[in-house]
Number of protein chains: 2
Amino acid sequence: MSIHTQQPIRVVQYGLGPIGQGCANLILQKAKSGQIQLVGAIDIDPQKVNQTVGSFVDEPSDVVISSDASNVLSETKPDVVLHTTSSFMPQVEEQLVQCIRSGVSVVSSTEELPYPFERYPAIASRLDTLAKQHKVALLGTGVNPGYAMDVLALTATGVCTSVRSIAVRRTVDAGLRRKPLQMKVGAGMTVEEFQTRKQQGGFGHIGLVESLRLVMDGLGWPMEEFSEELEPVVAKTDVQTPYLSVQCGQVAGIKHTAEAFVSNDIGVSLDLRMYVGADHPEDRVIVDGDPPMNLVVEGGIFGDTATVAALVNAIPQVFASSPGLKTVADMPVPRCFMPQVSL
Amino acid sequence: MSIHTQQPIRVVQYGLGPIGQGCANLILQKAKSGQIQLVGAIDIDPQKVNQTVGSFVDEPSDVVISSDASNVLSETKPDVVLHTTSSFMPQVEEQLVQCIRSGVSVVSSTEELPYPFERYPAIASRLDTLAKQHKVALLGTGVNPGYAMDVLALTATGVCTSVRSIAVRRTVDAGLRRKPLQMKVGAGMTVEEFQTRKQQGGFGHIGLVESLRLVMDGLGWPMEEFSEELEPVVAKTDVQTPYLSVQCGQVAGIKHTAEAFVSNDIGVSLDLRMYVGADHPEDRVIVDGDPPMNLVVEGGIFGDTATVAALVNAIPQVFASSPGLKTVADMPVPRCFMPQVSL
């Protein structure tokens, strides 16, 4: 039955970059329902420390941002930390450990956390053991990884008697997204610049292989082998966004793919295209199974809003979860928490 | 992580009508993986008692069908009963109680079981209490109710910051489905016959209001008021199916709708059309939210196969569940169990 609670869930926002600010703002909106409450905020940026959360978001809030995580956690004793600081496990391990040791469950946007068991087995094992000791749950989620290319793919197979393969294609018009994303996909670079920067490794969508592992593991398919590719999408016409311009022949964005195999055939293939000027954005899951399933989000899922939503919507689920390091595939069917924010 | 198990899950098939036979056959196919096993079968039909399951399904099986449920349960000591006997709660309560008292978890196709808390609060409360006493779980599911008009609707809101309304429309070409379904939707009747039979109450899709309640409860919306309507869909041309013919002006099938309200506006509306000759079958969820979501299963979900799949795929989830009377919204993200049946 309903997982909604009578007591407000007390949340600390850890990290107040663009996504963290979006989360804090949404928590403050939903707080009007009496079911959730923002009780603290952590960030190390000197521009933010000692300012109120309200000075960075639309909703009013007197919660003061502190750089002393330990102090915030012990003083506010939150139920859940919403953690949005970095994409990579090694950078966040200590932060997560500190939350867990304080007896607080964590929802995190760290893109490597949705499936850390293969890439970081030692860290994953330490976090899982510690979370169980302290009887708290830990979840990495977001729109991608966390929903578009993993949860939707698994969900599409829920009414199949058999599955031979799954192809997921997400096409995002980066021109509609925020500037850092347009920069991140290399929009406006020459193809040579793109290839050079790709060699340096600073590129591509973080979390694609994590989605691949989530789907394979969710279906019980051992993932012995996989391949991953990153290519530029080259603009076929000039494109102008609010932030930059891309000329025909320049890089418009990325095509990032990953495939895993089952008995030598492709089991799961993920194809992510994020580029400015994409003329048919959508999220599509094609299941070659019985029955076949062709699940589409027409127009695609608008990522910036959806990431914030996925994180905040996970709060009550993680709060109610059994302890340990969880994945989105362990969580109940996703849903909007407190759907009418302006009650 | 993976909910797949090392020991085979031992299953008794309770009810061997068309859906039950499909379930037994699928369990026998998946048994080749070593993760599931059919250990018993129950049916009261004298034509089936003392016959082997193998004589009613494609897969070979020596399991003998018995009418003595108590004996089968105590002799085979299964982990899970897959129960497919009747659509209505009062008819199945004793059967479910017997399974629970035998310490066995149950996945059931009973269309009123996915959300029995409002229509049958006393039965639901007894079953929940008993299931918790005996540390077993009980779940009603299928493709509809259980997936197409409830789980998909909730899932579509999982990346929304706010939701004002959800409209679900499922259009099924009944001409492609089995004969009892074509009869059940009134195909080939005159409109007068349809209206007469509708007065007698033997008509319409069972479980639509259960889906409505699942979605409303899943979103935390109180369901104080709802409306439900059943109308014939009248054929605009002659239609021929493998089983019957419908002339222009005769009934082709049903349009069954249900709506619930939030603050006087429609919160959730479900629109199910099942008729022969439907020319654009699909499953569509439209979320008026932020971001808006337009989730479509193109071509629709083929119901006969999907029902069997939904039931069998729920077995490992119910086996791993905490005790009590559960709903599909409590279960982890749905997925195909042992996707490659012909390993």
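Calculation notes
- Residue positions are counted from 1 within each chain, in the order its sequence is given.
- By the order in which they are written, chains take letters starting at A while ligands take numbers starting at 1.
- Local features in a predicted model are, by the rule used here, given only for residues with pLDDT of at least 70; side-chain atom pairs are given and counted only at 80 or more, and totals for whole chains, interfaces and linings are based on all residues.
- The basis for the side-chain values is all heavy atoms of the structure; hydrogens and waters are excluded.
- Contacts between residues were defined by any pair of non-hydrogen atoms, one from each residue, lying within 4.5 Å.
- Throughout, the accessible surface (probe 1.4 Å) given up by two parts as they are put together, summed over both, is called the buried area.
- Criterion for a salt bridge: a side-chain nitrogen of Lys or Arg within 4 Å of a carboxyl oxygen of Asp or Glu.
- For the purposes of this entry, the term helix denotes a DSSP run of H or I that reaches at least four residues, the term strand denotes a run of E that reaches at least two, and both are numbered from the N terminus.
- To superpose the copies, least squares is applied to the C-alpha atoms of every residue with a pLDDT of at least 70 in both.
- Classification of ring pairs uses Phe, Tyr and Trp, with its six-membered ring standing for Trp, and accepts pairs whose centres are within 6.5 Å; under 30 degrees between planes counts as stacked, over 60 as edge-to-face, and the remaining range as tilted.
- Burial classification: accessible surface area is computed with a 1.4 Å probe over protein chains only, and a residue below 20% of its type maximum counts as buried, one above 50% as exposed, and the rest as partly exposed.
- At least two DSSP bridges between two strands are required for those strands to pair.
- Here an axis means a line fitted to C-alpha atoms, over the contact stretch when the element is a helix, while the angle between two N-to-C directions is reported on a 0 to 180 degree scale.
- Seen with its strands pointing away from the viewer, a crossover is right-handed if its path from the first strand over the helix to the second goes clockwise.
- One less than the residue count of a helix, multiplied by 1.5 Å, gives the span that helix is expected to have.
- Any angle that falls under 35 degrees is termed roughly parallel, while one over 145 is termed roughly antiparallel, one within 65 to 115 roughly perpendicular, and all others oblique.
- Take the far helix as the reference: if the near one is turned anticlockwise from it by less than a right angle, the crossing is left-handed, and if turned clockwise, right-handed.
- Gly counts as polar in this scheme, as do all residues outside two lists: the nonpolar Ala, Val, Leu, Ile, Met, Phe, Trp, Tyr, Cys and Pro, and the charged Asp, Glu, Lys and Arg.

Q: Give me the lowdown on the interface of chain B and chain A, citing residues and values where you can.
A: Contact with chain B, which involves 58 residues of that partner, is made by 57 residues of chain A. Carbon and sulfur atoms make up 60% of the area that chain B and chain A hide from each other, which totals about 4,900 Å². Our enumeration of links across chain B and chain A arrives at two salt bridges. The shortest N-O distance in the salt bridge between glutamate 298 of chain B and arginine 284 of chain A comes to 3.1 Å. Elements that contribute at least two residues to the side of chain B that touches chain A include exactly helix 1 (18–30), helix 5 (151–156), strand 7 (162–173), helix 8 (208–218), strand 13 (282–290), strand 14 (293–298) and helix 9 (303–319) of chain B.

Q: Describe the relation of the copies chain B and chain A, with residues and values.
A: Turning chain B through 180° and shifting it by 0.0 Å along the axis lays it on chain A, with an RMSD of 0.0 Å. Both copies of the chain, as the preceding transformation shows, are related through a two-fold rotation axis. In terms of proximity to the rotation axis, the leading residue of chain B is proline 332 of chain B, whose C-alpha is 2.0 Å off the axis. A share of 98% of interface residues in chain B that are also interface residues in chain A marks the association as one of identical surfaces.

Q: Before we move on, can you summarise the packing of aromatic side chains with the specific residues and values?
A: All names here are of chain A. What the rule picks out here adds up to two aromatic pairs over all chains. Residues tyrosine 115 and phenylalanine 117 carry aromatic rings whose centres are separated by 4.9 Å and whose planes lie at 85° to one another, so their mutual orientation is edge-to-face. You can call tyrosine 115 buried: its relative accessible area is 5%. With relative accessibility at 14%, the residue phenylalanine 117 sits in the buried group.

Q: Just give me the short version of the environment of glycine 17 of chain A, but keep the residues and values in it.
A: All names here are of chain A. Counting through the fold element by element, glycine 17 comes out in the loop between strand 1 (9–14) and helix 1 (18–30). For the pair glycine 17 and glycine 175, spaced 158 residues apart in sequence, the C-alpha to C-alpha distance is 21 Å. Every residue in contact with glycine 17, bar those within four places of it in the chain, is listed here: Asp43 and Lys48.

Q: Explain the pairing of strand 11 (residues 251–262) of chain A to me, and be specific about the residues and the numbers.
A: Residues and elements named next belong to chain A. Most of strand 11 is tucked away, with nine of its 12 residues classed as buried. Sheet topology places strand 8 (residues 226–234) next to strand 11; nine bridges connect them, and they run antiparallel. Paired with glutamate 229 across the strands is threonine 257, a residue of strand 11. In the sheet, strand 11 pairs with strand 12 (residues 265–275) via 10 bridges, with the strands oriented antiparallel.

Q: Residues and numbers for the sheet that holds strand 5 (residues 105–108) of chain B, please.
A: Residue and element names in this part refer to chain B. A sheet is described by the order of its strands in space; here seven strands give the open sequence 3-2-1-4-5-6-15, paired in parallel fashion. Because the sheet does not close on itself, it has two edges, and the strands there are strand 3 (65–66) and strand 15 (324–326). For strand 6 (residues 137–140) and strand 15, the ladder comprises three bridges, and the chain directions are parallel. The residue of strand 15 that forms the bridge with alanine 137 is glycine 324. Across the sheet, helix 1 touches strand 1 (9–14), strand 2 (36–42) and strand 4 (80–83), and the angle it forms with strand 2 is around 150°. Lying over the sheet, helix 9 contacts strand 1, strand 2, strand 4, strand 5 and strand 6, oriented at roughly 155° with respect to strand 5.

Q: Go over the pairing of strand 4 of chain B with me, naming the residues and quoting the values.
A: All names here are of chain B. The alternating pattern of strand 4 places Val80 and Leu82 and Val81 and His83 on opposite faces, both of which are buried. One ladder, built from four bridges, connects strand 1 with strand 4; its direction is parallel. Counterpart to tyrosine 14 in the pairing with strand 4 is histidine 83. Bridging between strand 4 and strand 5 involves four bridges; their strand directions are parallel. Across the sheet, residue leucine 82 finds its bridge partner in strand 5, namely valine 107. Since strand 4 and strand 5 lie parallel, the crossover through helix 3 (residues 89–101) that links them has a hand, and here it is right-handed.

Q: Talk me through helix 9 of chain B; I want residue IDs and the actual numbers.
A: Between its terminal C-alpha atoms helix 9 of chain B stretches 24 Å, which fits the 24 Å expected from 17 residues at 1.5 Å a residue. Counting buried positions along helix 9 of chain B yields 16 of 17 residues, so the element is predominantly enclosed.

Q: Go over the packing of helix 1 of chain B against helix 9 of chain B with me, naming the residues and quoting the values.
A: Residues and elements named next belong to chain B. Interhelical geometry of helix 1 versus helix 9 gives an angle of 55° and a closest axis separation of 9 Å. With respect to helix 9, the axis of helix 1 lies oblique. Handedness of the crossing formed by helix 1 with helix 9: right-handed. On helix 9, the residues that touch Ile19, Gly22, Cys23, Leu26, Ile27 and Lys30 of helix 1 are Asp304, Thr307, Val308, Ala309, Leu311, Val312 and Ile315. The residue makeup of the contact of helix 1 with helix 9, split by class, is nine nonpolar, two polar and two charged.

Q: Could you give an account of the pattern of salt bridges, with specific residues and numbers?
A: In a structure, side chains of opposite charge can pair up when their charged atoms sit close to one another. As enumerated under the stated definition, the model contains 26 salt bridges over all chains in all. Between arginine 284 of chain A and glutamate 282 of chain A there is a salt bridge, and its shortest N-O distance comes to 2.7 Å. Take arginine 284 of chain A and glutamate 282 of chain A: they sit in the same class, and that class is buried. When the shortest N-O distance is used, the salt bridge between arginine 164 of chain B and aspartate 288 of chain B registers 3.1 Å. Taken as a pair, arginine 164 of chain B in strand 7 and aspartate 288 of chain B in strand 13 lie far apart in primary sequence, 124 residues in all.

Q: Residues and numbers for the sheet that holds strand 8 of chain A, please.
A: Taken together, the 12 strands give an open sheet; going across it, the order is 8(A)-11(A)-12(A)-7(A)-13(A)-14(A)-14(B)-13(B)-7(B)-12(B)-11(B)-8(B), and neighbouring strands pair in mixed fashion. Each of the sheet's edge strands pairs with one partner strand only, and the pair in question is strand 8 of chain A together with strand 8 (226–234) of chain B. Each neighbouring strand pair of the sheet contributes to a mean axis angle of 10°, computed without reference to strand direction. Helix 7 (residues 191–200) of chain A contacts strand 8 and strand 11 of chain A of the sheet and is inclined by roughly 155° relative to strand 8 of chain A.

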